[in-house]
Amino acid sequence: MTTEEALIHETLLELEFPTVLDHVSKFAFSDLGKELILQTIPLEDAVWLRAEHERIDELRALLAKNETIPLDGLSDIRPQLQKSLIQAAYLLPSELIAVLEAIRASRLLKSYFKQLFESCPHLSGFCSALHESRFLEKHIADAIDDTGMVRDTASRELANIRREIHETAAKLRSRLRKILQKVVEDDLAMDEYVTQRDGRYVLPIKVEHKRQIPGVIHSVSQTGSTVFLEPSEIFESNNQLSMLYNEEQREIVRILTTLTAELGAEAREFLSTMSIMAHFDSMYAKAQYALKRNGIKPQILDENRIELRNVFHPLLQWSGNSKPIPLSIEFTSDTRGHLISGPNAGGKTVALKSIGLNIAMALSGIFPLGDCETNIRSIFCAIGDHQSIENNLSTFSSQIVRLREILAHSSPQALILVDEICSGTDPQEGGALAAGILDSFIERRAMFVVTTHQSSLKSYALSRPEILNASMEFDGARLIPTYRFQSGVPGNSYAFVLAQSIGIPDVVMDRAKTYLGDRHSELEESIAALGRYKQEAEENLRKTAQEKIVAEKKRIDYEEKLTEIKTKRNQIIGDAREEALNIVQKSNALVEQTIKEIREAQRPVVEIKKDYEIKKKDIEAHAASMKPKVNQGDSDALQSGDSVTMIGSNEIGLLITLDKSSQSAVVEFNGLKFKTALAQLRKAPKAKQKEASKSSGGMVKFDSKINLDLRGQRADAACKEVEQFISDGMMTNLQTLNIIHGKGTGALRAAIHEQLRGHPSVESFRIGTIQEGGDGVTVIELR
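Residues numbered from 1 in each chain as written. Predicted model: local features only at pLDDT ≥ 70, side-chain atom pairs only at ≥ 80, totals over all residues. Heavy atoms only, no water.

Asker: Help me understand the overall build of the protein in this model?
Answerer: Per the secondary structure count, the protein includes 23 helices and 23 strands. The buried share among the 783 residues of the protein stands at 41%. Roughly 42,700 Å² of accessible area belongs to the protein as shown, and the carbon and sulfur atoms make up 52% of that amount. (Helix = DSSP H or I, 4+ residues; strand = E, 2+ residues; numbered from the N terminus. Buried < 20%, exposed > 50% of the residue type's maximum accessible area, 1.4 Å probe, protein only. Areas by Shrake-Rupley, 256 points an atom, 1.4 Å probe, with all protein chains shown as cover.)

Asker: Is there a simple way to think about the packing of aromatic side chains in this case?
Answerer: The geometry of an aromatic ring pair comes down to the distance between the two centres and the angle between the two planes. Here the structure, examined in full by the defined rule, presents five aromatic pairs. Their ring planes at 85° and their centres at 6.5 Å tell us that Phe-29 and Tyr-284 sit as a pair that is edge-to-face. Of this pair, Phe-29 sits in the loop between helix H2 (17–25) and helix H3 (31–38) while Tyr-284 is found in helix H11 (residues 267–293), placing the two residues 255 residues apart along the sequence. Aromatic pair Phe-113 and Phe-280: ring centres 5.7 Å apart, planes at 65°, arrangement edge-to-face. Here Phe-113 is found in helix H6 (residues 93–114), whereas its partner Phe-280 is found in helix H11, with 167 residues between them in sequence. Considered together, Phe-113 and Phe-280 belong to a single accessibility category, that of buried residues. An aromatic cluster is defined as three or more aromatic residues linked by ring pairs; in this entry it consists of Tyr-112, Phe-113 and Phe-280. (Phe/Tyr/Trp six-rings, centres within 6.5 Å; stacked < 30°, edge-to-face > 60°.)

Asker: Explanation requested: the packing of helix H14 (residues 427–443) against helix H15 (residues 455–463) in the structure shown.
Answerer: Helix-helix packing is described using two parameters, namely the angle between the two axes and the distance between the axes. With their axes 9 Å apart at the nearest point, H14 and H15 run at an angle of 30° to one another. Pair H14 / H15 crosses with right-handed handedness. Contacts from Gly-431, Ala-434, Ala-435, Leu-438, Asp-439 and Ile-442 of H14 reach H15 at Ser-456, Leu-457 and Tyr-460. Grouping the constituent residues of the contact of H14 with H15 by class yields six nonpolar, two polar and one charged. (Axes fitted to C-alpha atoms, helices over the stretch in contact; angles between N-to-C directions. Left-handed = near helix turned anticlockwise from the far one by under 90°. Contact = heavy atoms within 4.5 Å. Nonpolar A, V, L, I, M, F, W, Y, C, P; charged D, E, K, R; others polar.)

Asker: I tried to follow the environment of Gly-431 on my own but got confused; where do I start?
Answerer: As for its position among the elements, Gly-431 is in helix H14. With residues near it in sequence (within four places) discarded, Gly-431 still touches Gln-454, Ser-456 and Leu-457.

Asker: Is there a simple way to think about the sheet that holds strand S3 (residues 215–220) in this case?
Answerer: As a general point, the strands of a sheet are linked pairwise by backbone hydrogen bonds and lie either parallel or antiparallel. Read across the open sheet, the four strands follow the order S1-S2-S4-S3; overall the sheet is antiparallel. Both edges of this open sheet fall to strand S1 (195–197) and S3, since each of them pairs with a single strand only. Neighbour-to-neighbour, the strand axes of the sheet open up by a mean angle of 50°, direction not taken into account. Pairing between S3 and strand S4 (residues 226–231): five bridges, direction antiparallel. What sits directly across from Val-220, in S4, is Val-227. The sheet contacts of helix H9 (residues 156–185) involve strand S2 (200–206) and S4, and relative to S2 the element is tilted by about 10°. Running at roughly 140° to S2, helix H10 (residues 235–265) makes contact with S1, S2, S3 and S4 of the sheet. (Pairing = 2+ DSSP bridges.)

Asker: Looking at this model, I keep getting lost on the environment of Ile-69. Mind explaining?
Answerer: With respect to the helices and strands, the residue Ile-69 is situated in the loop between helix H4 (46–64) and helix H5 (78–84). On the basis of relative accessible area, Ile-69 is assigned to the buried category, the value being 9%. Measuring from C-alpha to C-alpha, the distance between Ile-69 and Leu-59 comes to 9.0 Å, with ten residues separating the pair along the chain.

Asker: Would you mind going over the nonpolar core with me for this structure?
Answerer: Generally speaking, soluble globular proteins have nonpolar side chains that are buried together. Formed by 51 residues in total, the largest nonpolar core has its most connected members in Leu-59, Ile-69, Leu-71, Ile-77, Leu-109, Phe-113 and Phe-280. For this core, the secondary structure elements donating two or more residues are H4, H6, helix H7 (121–127), helix H8 (134–143), H10 and H11. Here the element with the most residues in this core is H11; it accounts for twelve residues. When residues no more than four places from it in sequence are discounted, the contact partners of Ile-77 are Ala-98, Val-99, Ala-102, Ile-103 and Met-274. (Core = buried A, V, L, I, M, F, W, Y, C linked by side-chain atoms within 4.5 Å.)

Asker: For this particular structure, what's the right way to read the confidence of the model for the protein?
Answerer: Fine structural detail should not be taken from predicted coordinates in areas where pLDDT scores are low. Averaged over every residue, the pLDDT of the protein is 83; residues scoring 70 or more account for 84%. Scored below 50 in pLDDT, residues 628–633 shows six contacts in the model against residues more than four places distant or in partner chains. A low-confidence stretch, residues 687–703 (pLDDT under 50), is modelled with 14 contacts involving residues beyond four sequence positions or located in other chains. (pLDDT = per-residue confidence, 0-100.)

Asker: Explain the side chain of Thr-745 to me, please; I cannot follow it from the model alone.
Answerer: Take Thr-745: it is sitting in the loop between strand S21 (736–740) and helix H23 (747–756). Judged by its relative accessible area of 15%, Thr-745 falls in the buried class. Look past the residues within four positions of Thr-745 in its chain and what remains in contact with it is Arg-60, Ala-64, Ala-290, Leu-291, Lys-292 and Asn-294.

Asker: Mind showing me how you'd approach the pattern of salt bridges here?
Answerer: Any two side chains of opposite charge can pair, given that their charged atoms come close. With the rule as written, the count across this model stands at 35 salt bridges. Residue Arg-175 is joined to Glu-233 by a salt bridge in which the shortest nitrogen-to-oxygen separation is 3.9 Å. Taken as a pair, Arg-175 in helix H9 and Glu-233 in the loop between S4 and H10 lie far apart in primary sequence, 58 residues in all. Here Arg-175 falls in the partly exposed class, since its relative accessible area comes to 38%. The partly exposed category is assigned to Glu-233, whose relative accessible area is 44%. Within the structure, one salt-bridge network assembled from shared partners comprises Glu-303, Arg-305, Glu-307, Arg-309 and Glu-373. (Salt bridge = Lys/Arg side-chain N within 4 Å of Asp/Glu carboxyl O.)

Asker: Please explain helix H13 (residues 395–409) as it appears in this structure.
Answerer: For an α-helix, 3.6 residues make a turn, and residues three or four places apart therefore share a direction. Taking 1.5 Å of rise per residue, the 15 residues of H13 would be expected to cover 21 Å, and the 22 Å separating its terminal C-alpha atoms lies within 8% of that figure. Every buried residue belonging to H13 is among Ser-398, Gln-399, Arg-402, Leu-403, Ile-406 and Leu-407, and all of these are buried. (Expected span 1.5 Å × (residues − 1).)

Asker: In this structure, what is going on with the packing of H9 against H10? I would like to understand it.
Answerer: With their axes 9 Å apart at the nearest point, H9 and H10 run at an angle of 155° to one another. One way to sum up the angle between H9 and H10 is to call them roughly antiparallel. Our pair here, H9 against H10, has a crossing hand that is left-handed. From H9, Glu-157, Leu-158, Ile-161, Arg-162, Glu-164, Ile-165, Thr-168, Ala-169, Leu-172 and Arg-175 reach across to H10, where they touch Ser-237, Asn-238, Gln-240, Leu-241, Leu-244, Tyr-245, Glu-247, Glu-248, Glu-251, Ile-252 and Ile-255. Broken down by class, the residue content of the contact of H9 with H10 amounts to ten nonpolar, four polar and seven charged. (Parallel < 35°, antiparallel > 145°, perpendicular 65-115°, else oblique.)

Asker: Looking at this structure, I do not really get the sheet that holds strand S23 (residues 777–782). What am I missing?
Answerer: Taking strand neighbours across the sheet as the criterion, the four strands line up as S20-S21-S23-S22 in an open arrangement whose pairing is mixed. Two strands close off the open sheet at either side, each with one partner strand: strand S20 (707–709) and strand S22 (762–767). When the angles between neighbouring strand axes are averaged without regard to direction, this sheet yields 20°. Pairing between S22 and S23: five bridges, direction antiparallel.

Below, the structure written as structure tokens:
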């Protein structure tokens, strides 16, 4: 093992990566997969990792649908396969049954994914390399039954031998029963039964009568009162039976040797198949882990960048002690380092391990617990106390030794995690030494996260654009940590506050503050103020973004309504033109028909003129019906400020101004102002006015949110929140809503999508864009 490999090994131990692997291995189907998972380490092959993640993602999707993966019978048959390669060796029936079940499982798995080529192309291609031999399966199944016994039909010779054994044994038992009957009558037998000793039939005879029956004694009972005697008259029959048993055993060995040799001819192919099956079982365990723990498929990048969004510590999320807080952090070519400060027990070390573990999982083919984007990199860390009496190393010197090794291997592809850097010595010297080490990290273009309590380092980070201050939030009012990671803001150690809350006397605290100095106090107060300002700015930004979305929605609504009005106007004009043309055509037809009848004089002119007048009045009446009905009384009664409706619509609007000279008015409907003919307006009934007032005043909500975060919730509880969320959005007149359900297994997203389908208030919904959150977000368009 090289120095770098040893350093990475120590890093994984400090991050507790083997414990994570142990959790994942429990989901394996067989020891094959478990063994492979426990040997997993971060890899440097980006192409292989991307393919592995695709295969695991396909497998997780199948498991989410409760698909049964055909793995029954899978076991580690590598010892049997190695044994089959030895000439003249033979496997026991139980070993051959294990081989049969394992190779049958691999064949069924290959066939299963061959049928799923379109939906699972990566797994289908992976399983296509599995070797199968139906002839070998049939030969083993024909020769050995499920109990591990060689069948009579395994060979013709074995069938003949067993038939002879059966016949000979039957004759022998019949003869023995006759002998036993006579012995019992003479009161020489201890019990009335026939048994076997050493494969030969014997009778239980009382010890005192053992010499009265000629024969051979094979054994004595434990009490010594019974001897098991083989009568001399059945010697020949017993000998014949023993010879038949020997012939049977030789034939069984021959059959097993033949089957083993047949297996040995394909053993190397099946050894390769077992390697593939072991790999598949490890992917099965990883997919089950991702499904049960809400793992998210990571993105392996080519560019030198890391981004973690809402990741959890894998050993804390399901510990059950408390609800963990997710963490988000980003590393770029401009921001290569983060300096985390904050109080003791505030979560700094957990944050370090969360970052390291999730990236190590992504680079090992295990889905991290959160969104993870990273390129291939080596992880080095110095976490914990490495002091050693044997090696004469203190806490400080042991960390310096580790940092020396890390500096020797740091590169642009390195991620370095250091807890309480240079904290075990003089604060001033330790701070200077730490700054020099961080300068070296920056010079080597490595990415790093360092925790500290030293105020000098917080100031140092402000002077280096490559380093971003960060902190673990602390609730100063309740004096408890919140464990929320805050990027861009240094944190206070709150040593004085915590000491005072624990009960250190005030006189001690006052004396201590005199030694602290004004400059340090000002720095701590500035940090606290900066944290408050950042929180306020983020809150204002959130509110502004929400207001912008609402304003944009209203703008779109107004444009749509204006378009709708224009469309209706054009439709009305078009209908009017069409109707007018129809009237003209009817008039022309009437005139032409009348002229024709007069010329042809088919009827008297008086009758023709009478019909003409009747049809003319019909046409005039139809034309009159097209004109808008002007109710002069209603028009005269309208005044500015009245609630009005338009002809053909029940929508209630507001009359702003009216011009009786031009018989026109300016009205406002749903916030849209336009000019219309006074004749088109009607004063809204009082009941409708009250209803409109009530609906506009009491049923509209102005504080409805546009984002709903459901991550971590169960489907039934989440669906109830979605229903209320949509209802609030409709009452606020929102057009677009965002539901954040996370990627996870996809079960929560599927439940939400099923609820949205056919929902009366939902026009459409879609998966979010990358900027909106990708597969973890569903965007809803309301009606």
